[in-house]
Amino acid sequence: MIRYQAISLAEIIHAEFLSKTNDINNIFINELVFDTRLPINNPQTSIFFALQGIHDGHLFIDQAYNKGIRNFCISNKIFVNKYSDANFFIVDDTLKALQTWAKYHRQQFDIPIIGITGSNGKTIVKEWLSATLSHRYTVANNPRSYNSQIGLPYSVLQIEPKHEIGIFEVGISQPLEMEKLASILQPDTVIFTNIGPAHQQYFKDITEKINEKLKLAANAKKIIICSTYDNVIKAAHKLPIEIFTWGNKEKDDIQIINNVNNKWITEIELKYNEEIYKFSLPFIDAASIENAMNVISCCLDIGLSQDEIQSSIYKWETISMRLESVHGISGNIIISDFYSNDILSLSISLQYMHQKYPNKKKIVFLSDILESDENIEELYKKIADELEKNNVNEIYTIGDNIKELSKYTDNVEGHFHTTEQCIMMVEPDKWSDSIILLKGARKFAFEKLLPFLVENNSYAELKVSLNAIQHNYQYFRSIISKNTGIIAMVKAFAYGSGAEDISSFLEQLGVDYLGVAFSHEGVALRKVNINSPIMVMSPHLSSLEMCIKYNLEPEIFSFNALEQMIQVIDEYSFLTKLPFPIHIKLDTGMHRLGFMPEDYDKLSNRLQQVKHLLKVSTVFSHFSASDMPEHDDFTRLQAKRLFDFTEKLENDLSYKIKKHICNTHGTIRFPEYHCDYVRIGLGLYGITSINEINKKLMPAVELTTFVSQIREIDANETVGYNRRGFSDHKRVIATIPMGYADGIFREMGNGNGYVKINNKYVPIVGDICMDMMMADVTNIWPNINEGDKVLIFGDDISILDYARTNNTIPYQVMTSISPRVKRSYIYFF
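Residues numbered from 1 in each chain as written. Predicted model: local features only at pLDDT ≥ 70, side-chain atom pairs only at ≥ 80, totals over all residues. Heavy atoms only, no water.

Draft legend 1. Molecular detail of the overall build of the chain. Within the chain, the regular secondary structure consists of 25 helices and 39 strands. Against the 2.2 N^0.38 benchmark of 28 Å for 829 residues, the chain shows a C-alpha radius of gyration of 30 Å, consistent with a compact globule. Residues counted as buried form 55% of the 829 residues belonging to the chain. Residue pairs in contact within the chain that sit at least 24 positions apart in sequence constitute 64% of those at least 6 positions apart. In the form shown here, the chain has an accessible surface area of approximately 36,300 Å², with 47% of it arising from carbon and sulfur atoms. (Helix = DSSP H or I, 4+ residues; strand = E, 2+ residues; numbered from the N terminus. Rg over C-alpha atoms; globule rule 2.2 N^0.38 Å. Buried < 20%, exposed > 50% of the residue type's maximum accessible area, 1.4 Å probe, protein only. Contact = heavy atoms within 4.5 Å. Areas by Shrake-Rupley, 256 points an atom, 1.4 Å probe, with all protein chains shown as cover.)

What follows is the structure, given as structure tokens:
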């Protein structure tokens, strides 16, 4: 970032500049900070912008100051007198000031700018295009996915005189956002990746969303787009702009003449300016091919040769940093990143493995490092140090150069020239209860190793985004007091997502309690070294001994349960410290479990008699209808009953008792009842019944499978059991290997439900079978192949919509997913 004089910056952003230094002309800024969690390189010459988001940035001024920052852009003057050695830029709107600065900064550079917009693929297109053009130009671009109202200005401010071209993705989520970003970026060329249902809830219709995104191209010279998006092209024709298309049509500027897939590679042949170009792409999925074509089209238009582009294509995979974990055979956990292998991403992967599983045996499969400017000796010394620092026990190397690693560590147990050789010679049954990291460059196709290591090579997969769970957890943290804790509900296999993995991650996030339904669920968590406090919400009376042995805190909801607990704790007191913590459940109107308010005197007397054995940690209840405004008066009555009951019990027992009553919707709608804890369940997965809140959360789960067979069906034929899938016209039917034994509802059948294949929605026909269902793919034939991905629910088909289709609720959707469906856990860095 170039250096700005503070008084000049104040003028640019129309700020009142306050400083007690004697020489304001020697105050300079060369680094922007808006998140104190991120690394700060030069705190003395940094400026912290106190931006308003989920959190008020002013709340983090103390943190920024303690990290050495002395320049602050604020809209609240209350902080001015707090720090006598700091400099303040006072503005009415800190975000507007940031955007004004970025707009001014952009105007100082006369370099070509490529802007990338669309519903999906913006980040990967930006990264791939940057990697390809960097061989010819010095490129400025967004770090990571910094493409929003904050991220884009931050990215534009990184442009320096050395840069020869800028490549920036631009993201919006609702109307009236793009115009501001377009005025900042002022692109010459726009790549429109695609248009889909992402963020559709914020727009009246698809046309409004298209027009909003096209505002990025309002003053551009050219737009690059796939010709299949007729609605976008039609809208673009209203702009004074050249439309450059690619696709299968003869009239396209770049025509795809041939497209052949084998197991791992797509061979693609193009016609451009009457010349033929051939490219080999290291993937076969439709989304990646679309992204690649946007990049290739732009590069050909700029003037790059076929060889220049192709030489970059096999390096594209080193850009993404994604870790995916699944359960392996013999109790192993497999962590994989098949997309990148450089020293930085390796270090991150090793740290992740070490921090999450500190006490497990660690095994690493590692390929050659393809992208490094260091000599081999120095590179593999560093890698050996990283492996040792993170306590890796066994190393298996694949490639040519990486055999050098054995000179610097004694833990290399095997070396193979190819992945295929490794598969033939390694016996995966030799490991148990270990963590296995597969870290390989895309060229080595480490995904071939995975089937020999995983426990469940399933036809279907439930992917859980840990980033989304982290975001949602932090959102709920942001709306409660710092004195209020979070009880994360992980009962019912963490709503079907995998209790052990989710609980481990929540423990890393600092959750205050984990909530399970039954004792055996808590025992399972303890056996995988989950140490957080665990509350058992519905303990069976025969399992109270297990609660004591495994330090699980039971809910006591009846006098029978209380007497049983007294008897058990007296008998097994040698297993624990006394008094043992319990949680009293009060029935305030749910009428499911719990003591009634009229039980108070008897309960209080008994608890006083056993104070040496039991201590009441919390008294809690359950809202009956916190998501239904028509019952708000009853909700408030429930809270009052809890408060009155707890206050009396505190007086009788002579100690402080914590209380909680809010579930996810109660937490959102009734901040006055947050009390000492709130209980969050499906909210952690980005699921509520409140649309405004869902916009602030991230969907965390995606259920997918694949097409197993495609067949043409003649007119007047039926599909499936009971001959219900009848049609009077010829159809193309795709069989999908999921049925009601996997958690698919039978209500999905006979045209009621739909799935998404190759970005198209297709209806389910016929009855749902135990292991299969069928979809009518006539409208997308022949653009479909056996093996294509099928989306059941996820980003583009929300769980809420899926539940409505099946006349049920999201809770049942999640908990109905069969154990035979593979669970995988994704974390992006």
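Past the structure itself, the notes keep going.
Draft legend 2. Examining the sheet that holds strand β8 (residues 113-117) more closely. Here nine strands make up an open sheet; going across it, the order is β9-β10-β8-β11-β12-β13-β14-β15-β16 and the pairing mixed. Each of the sheet's edge strands pairs with one partner strand only, and the pair in question is β9 (139-141) and β16 (275-281). Neighbouring strand axes in the sheet, compared pairwise and without regard to direction, differ in orientation by 20° on average. In this sheet, strand β11 (residues 189-192) lies alongside β8 in parallel orientation, the contact comprising four bridges. From the neighbouring strand, glycine 115 faces β11, where its bridge partner is valine 190. (Pairing = 2+ DSSP bridges. Axes fitted to C-alpha atoms, helices over the stretch in contact; angles between N-to-C directions.)

Draft legend 3. Geometry of helix α20 (residues 600-609). The set of residues buried in α20 consists of Tyr600, Leu603, Ser604 and Leu607. Along the axis of α20, the buried positions cluster into a sector of 100°, meaning they face one direction only. Relative to its buried face, α20 has exposed residues pointing more than 90 degrees away, namely Asp601, Lys602 and Gln609. Here the buried face of α20 lies against α19 (559-571), β28 (580-585), β29 (614-620) and α21 (632-653). (Arc of directions from axis to C-beta.)

Draft legend 4. Fine view of the side chain of asparagine 291. Structurally, asparagine 291 can be placed in helix α9 (residues 286-302). What asparagine 291 contacts, discounting residues up to four positions off in sequence, is Gly121, Ile124, Val125 and Trp128.

Draft legend 5. Up close: the sheet that holds strand β2 (residues 16-18). Sheet architecture is open: five strands sit in the order β2-β7-β6-β5-β4, paired in mixed fashion. Bordering the open sheet on either side are β2 and β4 (31-33), each of which pairs with just one other strand. The mean angle between the axes of side-by-side strands here comes to 20°, regardless of whether they run parallel or antiparallel. Across three bridges, strand β5 (residues 46-49) lies against strand β6 (residues 71-74) in parallel orientation. In the sheet register, phenylalanine 48 faces β6, and the bridge partner there is phenylalanine 72. The strands touched by helix α3 (residues 94-106) are β4, β5 and β6; relative to β5, the strand with the most contacts, the crossing angle is about 135°.

Draft legend 6. Spatial organisation of the packing of α19 against α20. Where α19 meets α20, the axes come as close as 12 Å, and the angle between the chain directions of the two elements is 5°. In terms of orientation, α19 lies roughly parallel with respect to α20. Residues Phe559, Leu562, Glu563 and Ile566 of α19 form the contact with α20, whose participating residues are Lys602, Leu603, Arg606 and Leu607. A class-by-class count of the residues in the contact of α19 with α20 yields five nonpolar, no polar and three charged. (Parallel < 35°, antiparallel > 145°, perpendicular 65-115°, else oblique. Nonpolar A, V, L, I, M, F, W, Y, C, P; charged D, E, K, R; others polar.)

Draft legend 7. Structural view of the side chain of threonine 484. Structurally, threonine 484 is set in the loop between α14 (466-478) and β24 (485-489). A residue is classified by how much of its surface remains accessible, and threonine 484, at 4% relative accessible area, is buried. Within polar-contact distance, the side chain of threonine 484 engages the backbone oxygen of cysteine 675 at 2.9 Å. With residues up to four places along the chain from it excluded, the contact list for threonine 484 reads Arg477, His674, Cys675, Asp676, Tyr677 and Val678. (Polar contact = N/O pair within 3.5 Å; in protein donor to acceptor, adjacent residues only side chain to side chain.)

Draft legend 8. Spatial organisation of the pattern of salt bridges. The final tally for this structure, using the stated rule, is 33 salt bridges. As a salt-bridge pair, lysine 730 and glutamate 712 come within 3.6 Å of each other at their nearest N and O atoms. With lysine 730 in the loop between β33 (709-713) and β34 (731-736) and glutamate 712 in strand β33, the pair connects residues that are 18 residues apart, well separated along the chain. Its relative accessible area of 49% is what places lysine 730 among the partly exposed residues. Through salt bridges with shared partners, a single ionic network connects Lys126, Glu127 and Glu169. (Salt bridge = Lys/Arg side-chain N within 4 Å of Asp/Glu carboxyl O.)

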